[in-house]
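Listed below, chain by chain, are the residues.
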Number of protein chains: 2
Amino acid sequence: MEHMNRQGTAGTKVLAFDVFGTVVDWHKSVVQEVRSMNLDVDGNQFALAWRAGYMPAIRKVMSGELDWTSIDDLHRMILDDLLQVFRLTHLTEKERRSLNGVWHRLDPWPDSVEGLTRLKSRYTICTLSNGNIGLLSNMAKHASLPWDCILSAEVFRKYKPDPAVYLGVARIFDIEPDEVMMVAAHQDDLAHARECGLRTAYIERPMEYGPLQQKDISLNADNTLHARDLRELADLLSC
Amino acid sequence: MEHMNRQGTAGTKVLAFDVFGTVVDWHKSVVQEVRSMNLDVDGNQFALAWRAGYMPAIRKVMSGELDWTSIDDLHRMILDDLLQVFRLTHLTEKERRSLNGVWHRLDPWPDSVEGLTRLKSRYTICTLSNGNIGLLSNMAKHASLPWDCILSAEVFRKYKPDPAVYLGVARIFDIEPDEVMMVAAHQDDLAHARECGLRTAYIERPMEYGPLQQKDISLNADNTLHARDLRELADLLSC
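Since this is a predicted model, take the numbers as computed values, not measurements.

Peer 1: Please set out the pattern of salt bridges residue by residue, giving values where relevant.
Peer 2: Residues and elements named next belong to chain A. Applying the stated rule across the entire model yields 32 salt bridges over all chains. Note that aspartate 80 and arginine 96 form a salt bridge whose closest N and O atoms lie 3.1 Å from each other. Taken together, the residues aspartate 80 in helix H4 (residues 71-85) and arginine 96 in helix H5 (residues 93-100) connect sequence positions 16 residues apart. Given a relative accessible area of 25%, aspartate 80 falls into the partly exposed group. Arginine 96 gets classed as buried once you look at its relative accessible area, which sits at 15%.

Peer 1: Could you give an account of helix H6 (residues 112-120) of chain B, with specific residues and numbers?
Peer 2: Residues and elements named next belong to chain B. When we look at burial in H6, the residues that qualify are Ser112, Gly115, Leu116 and Leu119. The buried side chains of H6 occupy one side of the element, clustering within an arc of 95 degrees when seen end-on. As for H6, its buried residues are in contact with strand E2 (14-17), strand E3 (124-129) and helix H11 (230-236).

Peer 1: I'd like a rundown of the state of the cysteines, residues and numbers included.
Peer 2: All names here are of chain B. On inspection of all chains with the given rule, the structure shows zero disulfides over all chains. You can see cysteine 239 has no disulfide; the closest cysteine sulfur is in cysteine 126, sitting 15 Å from it. A relative accessible area of 24% means that cysteine 239 is categorised as partly exposed.

Peer 1: Go over the relation of the copies chain B and chain A with me, naming the residues and quoting the values.
Peer 2: The transformation that overlays chain B on chain A combines an axial shift of 0.0 Å with a rotation of 180 degrees, and the residual RMSD is 0.0 Å. Each copy turns onto its partner about a two-fold axis. Considering only C-alpha atoms, the residue of chain B closest to the rotation axis is Val155(B), which sits at 2.7 Å. Most of the interface of chain B is mirrored in chain A: 100% of its interface residues are interface residues there too.

Peer 1: Hey, could you go over the packing of helix H2 (residues 43-52) of chain A against H4(A) for me, with residue numbers and the actual values?
Peer 2: Residue and element names in this part refer to chain A. Where H2 contacts H4, the axes come no closer than 9 Å and their chain directions differ by 135 degrees. When the axis of H2 is compared with that of H4, the two are oblique. Relative to H4, the crossing made by H2 is right-handed. On H4, the residues touching Phe46, Ala49 and Trp50 of H2 are His75, Ile78, Leu79, Leu82 and Leu83. Taken together, the residues of the contact of H2 with H4 sort by class into seven nonpolar, one polar and no charged.

Peer 1: Account for the interface of chain B and chain A, naming residues and giving values.
Peer 2: Each partner contributes to the interface: chain B provides 20 residues, whereas chain A provides 20 residues. Its largest share of buried area at the contact with chain A, chain B owes to Ile133(B), Lys141(B) and Ile172(B), together 30% of the area lost on that side. Here chain B and chain A share four salt bridges between them. Salt-bridge contacts for Lys141(A) lead to Asp148(B); the nearest nitrogen and oxygen are separated by 2.7 Å. Between the two partners, chain B and chain A, sit six residue pairs in polar contact (both at pLDDT 80 or more). Those elements giving two or more residues to the side of chain B that touches chain A turn out to be helix H7 (133-143), strand E4 (149-152), helix H8 (153-156) and helix H9 (163-173) of chain B. Here the side of chain B that touches chain A takes five residues from H7(B), the largest share from any one element.

Peer 1: Tell me what's going on with the environment of Leu88(A), and back it up with residues and numbers.
Peer 2: Secondary-structure assignment places Leu88(A) in the loop between H4 and H5. Leu88(A) has contacts with Leu39(A), Val41(A), Phe46(A), Leu83(A) and Arg96(A), leaving out every residue within four places of it along the chain.

Peer 1: An account of helix H3 (residues 54-63) of chain A is needed here, citing residue identities and associated values.
Peer 2: All names here are of chain A. Among the residues of H3, those classed as buried are Tyr54, Ala57, Ile58 and Val61. When H3 is viewed along its axis, its buried side chains cluster within an angular range of 100 degrees and face the same direction. Of the residues in H3, the exposed ones pointing more than 90 degrees away from the buried face are Arg59 and Ser63. Where the residues of H3 are buried, they touch H2 and H4. Trailing H3 by a residue or two, glycine 64 shows a phi angle of about 95 degrees, which is positive.

Peer 1: Which residues make up the side chain of Asn130(A), and what are the values?
Peer 2: Residues and elements named next belong to chain A. Tracing the sequence through the fold places asparagine 130 in the loop between strand E3 (124-129) and helix H7 (133-143). Within the local environment of asparagine 130, its side chain forms a polar contact with the backbone nitrogen of lysine 160, the two atoms lying 2.8 Å apart. In this structure asparagine 130 touches Tyr54, Ile58, Ile71, Ala153, Tyr159 and Lys160, once residues within four positions along its chain are discounted.

Peer 1: I'd like a description of the domain arrangement of chain A, backed by residues and values.
Peer 2: In many reports, interface size means the accessible area that the parts give up when they come together. All names here are of chain A. By domain assignment, chain A separates into domain 1 (3-25 + 107-236) and domain 2 (27-104). For domain 1 and domain 2, the distance between their C-alpha centres works out to 24 Å. Both sides together, the interface formed by domain 1 and domain 2 hides about 1800 Å², and carbon and sulfur atoms give 59% of it. It is Phe20, Asp25 and Tyr159 that lose the most area in domain 1 upon contact with domain 2, and together they represent 35% of the buried surface on that side. The interface formed by domain 1 and domain 2 holds zero salt bridges in total.

Peer 1: Requested: an account of a negative patch on the surface, with residues and values cited.
Peer 2: On the surface, Asp73(A), Asp174(B), Glu176(B) and Asp178(B) cluster together into a negatively charged patch. Following the sequence through the fold, Asp73(A) ends up in helix H4.

Peer 1: Quick one: what's the story with the pairing of strand E5 (residues 180-184) of chain B, residue by residue and with numbers?
Peer 2: All names here are of chain B. Burial within E5 is extensive, with five of its five residues counted as buried. The side-chain alternation of E5 yields two buried faces, one formed by Val180, Met182 and Ala184 and the other by Met181 and Val183. Alignment of E2 against E5, held across four bridges, turns out to be parallel. If you follow leucine 15 over to E5, its bridge partner there is methionine 181. As paired strands, E5 and strand E6 (residues 199-203) are joined by four bridges and run parallel to one another. Paired with methionine 182 across the bridge in E6 is threonine 200. In the classification by handedness, the crossover that spans E5, the intervening helix H10 (residues 187-195) and the parallel E6 is right-handed.

The rules we used
Residues numbered from 1 in each chain as written. Chains lettered and ligands numbered in written order. Predicted model: local features only at pLDDT ≥ 70, side-chain atom pairs only at ≥ 80, totals over all residues. Heavy atoms only, no water. Salt bridge = Lys/Arg side-chain N within 4 Å of Asp/Glu carboxyl O. Helix = DSSP H or I, 4+ residues; strand = E, 2+ residues; numbered from the N terminus. Buried < 20%, exposed > 50% of the residue type's maximum accessible area, 1.4 Å probe, protein only. Arc of directions from axis to C-beta. Contact = heavy atoms within 4.5 Å. Disulfide = S-S within 2.5 Å. Least-squares fit on C-alpha atoms with pLDDT ≥ 70 in both. Axes fitted to C-alpha atoms, helices over the stretch in contact; angles between N-to-C directions. Parallel < 35°, antiparallel > 145°, perpendicular 65-115°, else oblique. Left-handed = near helix turned anticlockwise from the far one by under 90°. Nonpolar A, V, L, I, M, F, W, Y, C, P; charged D, E, K, R; others polar. Buried area = accessible area lost by both parts, 1.4 Å probe. Polar contact = N/O pair within 3.5 Å; in protein donor to acceptor, adjacent residues only side chain to side chain. Domains from an automatic or database assignment. Patch = residues over 30% accessible without salt bridge, like charges linked within 9 Å, V, L, I, M, F, W, Y side chains within 5 Å. Areas by Shrake-Rupley, 256 points an atom, 1.4 Å probe, with all protein chains shown as cover. Lys, Arg positive; Asp, Glu negative; His and termini not counted. Charge placed at Lys NZ, Arg CZ, Asp CG, Glu CD. Pairing = 2+ DSSP bridges. Right-handed = clockwise from strand over helix to strand, strands pointing away.

Listed below in structure tokens is the structure:
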């Protein structure tokens with residue numbers, strides 16, 4: 001389902017991408033990692049629980065309850081709690097570190113590399129993720145993601161949805177907010193970007209939470225663009 | 001002239017590159033820009049004077065005399081002074097902005113793209129420049145530089161040679177300082193990196209200041225590696 005609203009896309013210079021769920025398939029990658037370790041646990045439930053701990057942890061940093069903490073460290077804090085819940089406390093420190101590193105080794109959706117490569121021919125493409133720079137760099141190398149630039153909450157020392165992150169892209173590239181288009185599979189991320197004056201492109205990703213969980217991918221006409229995947233986004237942007 | 005000291009290179013994970021002079025030829029690019037504008041000025045002297053204003057401007061930020069100021073803005077301050085000296089005050093605001101943007105459009109040395117591409121096959125390659133992120137991103141797109149990650153003084157809010165910049169690379173990638181190798185055409189940059197525990201690779205670039213100015217490219221055995229250019233660095237690192 002394609003869609004372009006009346007705002008149009010002329011003047012867009014930078015495409016800023018959410019990464020977890022939008023560009024890479026965290027659910028499948030975490031499930032596969034858990035299976036490869038032969039853990040006695042439901043991979044689907046474990047992956048969903050790990051991801052569900054993410055926003056509450058981010059909010060603790062945003063509220064000041066926690067000092068600035070990287071996503072790597074937040075993932076690890078959530079993991080240590082989960083290992084209690086899932087009765088996996090026998091995992092060694094080395095195994096925990098390795099498992100936590102799965103977020104550096106997430107696989108791309110099948111369309112991501114081709115879509116990004118085509119979009120890069122006409123636009124500057126950058127990450128705009130809460131993931132730390134090292135995580136995003138390692139992931140790009142693992143998944144062959146051809147970013148022009150890795151921007152992260154770590155650069156701004158604020159997490160999305162803080163406006164400083166969205167507006168930071170325009171500041172970094174010395175352009176106006178409406179010359180930046182935020183690309184994400186999450187309507188709330190896009191709504192915050194829109195409040196800062198960015199254009200927005202929604203990517204459906206109906207399987208983000210795995211095959212067992214429905215995701216609402218209905219059209220929101222407030223977005224500049226709505227595309228099934230990154231290949232279709234490249235089509236819409238004539239790349 | 002190749003060289004490898006006793007420290008060796010085993011365990012190196014990230015190569016962090018100085019950019020101006022090491023990866024791109026600022027002198028020739030600025031001279032060509034000045035010529036293309038048909039300015040009544042000696043391009044060589046103009047380029048050298050602009051670059052000579054760089055370290056004094058950086059020092060003003062490091063000392064606190066100036067608040068944090070991007071390289072784009074420092075380049076512009078130096079340029080406005082130079083236009084007085086070279087009697088070019090008739091340039092319009094639009095012409096000044098365009099001329100200042102030449103630092104986003106510097107051309108690579110002939111070996112840079114091939115050398116970096118080979119090095120990227122085995123190492124994470126990142127910039128470690130005082131240039132701002134937007135400048136380095138635009139330059140990478142202009143010159144087809146295949147960085148895994150663009151790191152800049154802007155990320156750390158400190159300029160080289162502040163130790164926070166060199167140590168910041170290790171922190172970003174969660175590795176030890178001696179797992180990072182600083183690559184630069186400037187012995188002082190490398191000396192500061194070494195003091196922070198990084199390995200160092202010197203690149204000769206005898207023409208950095210143009211064909212009329214000699215540059216000392218003699219061997220300093222304190223560096224881990226000494227290479228003529230980035231192709232030879234790739235040879236030394238078996239890439």
